[in-house]
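Per-entry structural report
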Amino acid sequence: MKKDARFWKEIGDKKVQCNLCSHNCKIDEGMFGICGVRKNENGKLYTIIYGSCSSMAVDPIEKKPLYHFYPGTNVFSLGTVGCNFKCKHCQNSSISAAMPDYSCLRNITPEQTIELAREQTCQGIAWTYNEPTIWHEFSFDSAKLAKKAGLYTVYVSNGYINEDPLREIYPFLDAINVDVKAFDDNFYKKVCKARLEPVLKTCEIAKELDIHLEVTYLVIPGYNDSVDELRQFCRWIVDKLDNITPVHFSRFHPDYNMTDVPATPIETLLKTYDIAKESGILYPYLGNVPIGEYENTICPNCGNICVGRCGYSVSLNGIVDGKCVKCGTIIPVVNDWHKK
Ligand code: SF4
């Protein structure tokens, strides 16, 4: 569905510059930006995907992954088409590489999004599956309504949003999971056709704005799994965010245009977990790994399991009013006991 785009300017000769994400595309008349969903028509920029929904489902919040944000709740999850990254290992290429004429799109309004979330008895809404930044006009309108309706709101993002649109949506955005794909700009350029620095900046701004932030790092053998790089990444988490930021180290599986790389060995993930702990990260997690104990939220003071997880089943028996039941240490888990 076509609608006027936000965050762009005219730059002469019917060309426009989009400033929604850090590509800041200069777009000729009749052409699309890198994401494939924002088009210059006669010197004006339009989003072509307002309300165009490719996927919707009820997911556990743990699937995003968000472990310290309303654990055990269900979130109404939506995605559209397109992406501002071109990751070789994309796990959702059927929609991220699709164009706005994709035949499986259905139209939905922000009001219907809220109604559907309520019908499905979800406690929140997540813009996920593909990059929510490029759906800004729709997710912004929907997020405003969601907050009025008492629902929480979540982005699952590559973090390439520019500061102005992030600051615009932040009063209506409760949580964000940012995928830091490597701690190396060359990786970003070669594998994702993007840059690292804007992603880090988004995380730092999200922290400053008090949006609940969790970070995911997909560990890819031979690409971003050196001890040095992992240490640098963990040091940045502790120094520039803080040691209570939950970090999800996920296991890579061969996908899309990266089928020649094997799945991450479990030993690599265990080593990564140790590096994170040694670096001072209090809440590291391992994802896509068949060893349950690395999904639990452990009290950093006494070792009690505060939030137990097994797949998507969650036990909150070890935490009361945001504190460890054994020693009273505050565990930074957002829930009804300290709503925004
Ligand atoms: S949102 Fe799309 S058009 Fe705008 S700068 Fe990013 S990639 Fe380019």
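We now turn to the structure provided with this report. (Residues numbered from 1 in each chain as written. Predicted model: local features only at pLDDT ≥ 70, side-chain atom pairs only at ≥ 80, totals over all residues. Heavy atoms only, no water.)

1. Digging into helix 6 (residues 197-208)
Stated formally: Numbering of helices and strands starts at the N terminus; helices are DSSP runs of H or I of at least 4 residues and strands are runs of E of at least 2. Multiplying 1.5 Å by the helix residue count minus one yields the expected span of that helix. Summary of the burial criterion: residues with accessible area below 20% of their type's maximum are buried, those above 50% are exposed, and those between are partly exposed, where the area comes from a 1.4 Å probe applied to protein chains only. Contacts: residue pairs with any heavy atoms within 4.5 Å of one another.
With 12 residues, helix 6 should reach 16 Å at 1.5 Å per residue; the first-to-last C-alpha distance of 17 Å fits that figure. Residues of helix 6 that are buried include every one of P198, V199, L200, T202, C203, I205 and A206, and no others. Looking at the packing, one finds that the buried side of helix 6 touches helix 4 (163-169), strand 13 (175-179), helix 5 (185-192), strand 14 (212-219) and helix 7 (227-241). Among the residues trailing helix 6, D210 stands out with phi positive, at a value near 70°.

2. Some thoughts on the nonpolar core
Which entries qualify depends on this criterion: In plain words, nonpolar cores are sets of buried Ala, Val, Leu, Ile, Met, Phe, Trp, Tyr and Cys residues tied together by side-chain atoms within 4.5 Å.
Of all hydrophobic cores here, the largest spans 78 residues; its most connected members are F85, V180, Y188, F233, W236 and F249. Sort the elements by how many residues they give to this core and helix 7 lands first, with six residues. Setting aside chain neighbours within four positions, we find W236 in contact with V180, F183, L200, C203, E204 and L241. Formed by 11 residues, the second largest nonpolar core is a distinct cluster that contains I61, A126, Y152 and V156.

3. Overview of the site of the ligand
For clarity, the cut-off: Near, as used in this document, describes a residue that has one of its heavy atoms within 4 Å of the molecule or strand being considered. Using only the protein atoms, space was sampled on a 1 Å grid; points where a 1.4 Å probe fits but cannot get out form cavities, open sets with protein on both sides within 12 Å along at least five of seven lines form pockets, and lining residues are those with an atom within 4 Å of a point. Should more than half of a molecule's atoms lie within 2 Å of a pocket's or cavity's grid points, that molecule is taken to sit in it. Asp, Glu, Lys and Arg are counted as charged, while Ala, Val, Leu, Ile, Met, Phe, Trp, Tyr, Cys and Pro are counted as nonpolar; the rest, among them Gly, fall into the polar class.
Neighbouring residues of the ligand: C18, L20, C21, H23, N24, C25, I27, G33, I34, C35, R38 and N84. More than half of the atoms belonging to the ligand lie within 2 Å of the grid points that define the largest cavity. Taken together, the residues of the shell around the ligand sort by class into seven nonpolar, four polar and one charged.

4. Side note on the packing of aromatic side chains
Let me state the cut-off plainly: Each aromatic pair joins two rings of Phe, Tyr and Trp (for Trp, the six-membered one) with centres within 6.5 Å, and gets the label stacked for planes under 30 degrees apart, edge-to-face for over 60, and tilted for any other angle. The criterion is that NZ of a Lys, or CZ of an Arg, lies within 6 Å of the ring centre and within 35 degrees of the ring normal, and then a charge sits over that ring.
Per the stated rule, a full pass over the model turns up 19 aromatic pairs. Relative to Y188, the ring of F85 has its centre 6.1 Å away and its plane inclined at 90°; by these criteria the two rings are edge-to-face. Taken as a pair, F85 in the loop between strand 9 (74-79) and helix 1 (93-96) and Y188 in helix 5 lie far apart in primary sequence, 103 residues in all. Judged by relative accessible area, which is 0%, Y188 ranks as buried. Joined through ring pairs, the aromatic side chains of F85, Y160, F187, Y188 and Y223 make up one cluster. Directly above the aromatic system of Y50 lies the positively charged group of K3, at a separation of 4.4 Å from the ring centroid.

5. Some points on the pairing of strand 9
Rules: Strand pairing is assigned whenever DSSP detects at least two bridges linking the two strands.
Strand 9 sits mainly inside the fold: five of its six residues count as buried. Summarising the sheet, strand 9 and strand 11 (residues 124-127) pair through four bridges and their orientation is parallel. Looking across to strand 11, one finds that F76 is bridged to I125.

6. A look at empty space enclosed by the protein
Here is the rule: Grid points are joined across faces, edges and corners, and a volume is the space filled by probe spheres set on the points.
Scanning the entire structure with this criterion turns up one cavity of 30 Å³ or more. Here the largest cavity defines a volume of roughly 80 Å³. In terms of lining residues, the largest cavity is bounded by C18, L20, C21, H23, N24, C25, G33, I34, C35, R38, N84 and I134. Partitioned by chemical class, the residues of the lining of the largest cavity number seven nonpolar, four polar and one charged.

7. Things to note about the packing of helix 7 against helix 8 (residues 266-279)
As a reminder, the rule being used: Axis definition: a line fitted to C-alpha atoms, over the contacting stretch in the case of helices. Angles run 0 to 180 degrees between N-to-C directions. Angles are sorted into four bins: roughly parallel if under 35 degrees, roughly antiparallel if over 145, roughly perpendicular if 65 to 115, and oblique for all others. Each crossing gets its hand from how the near helix is turned against the far one by less than a right angle, where anticlockwise is left-handed and clockwise is right-handed.
Taken N-terminus to C-terminus, the directions of helix 7 and helix 8 make an angle of 40°; their axes are 9 Å apart at the nearest point. As far as their axial angle goes, helix 8 and helix 7 are oblique. Of the two possible hands of crossing, helix 7 and helix 8 adopt the one that is right-handed. Along its contact with helix 7, which presents V227, L230, R231, C234 and V238, the element helix 8 presents K271, T272, I275, A276, E278 and S279. Residues belonging to the contact of helix 7 with helix 8 are distributed by class as follows: six nonpolar, two polar and three charged.

8. Focus on the layout of surface pockets
One number sums up the size of the largest pocket: a volume of about 1300 Å³. Lining the largest pocket are 47 residues, with K64, Q91, N92, V156 and D179 sitting closest to its centre. When contributions to the lining of the largest pocket are tallied by element, the ones reaching two or more residues are strand 12 (152-157), strand 13, strand 14, strand 15 (247-251) and strand 16 (284-287). Across the lining of the largest pocket, the residue classes tally to 20 nonpolar, 18 polar and nine charged.

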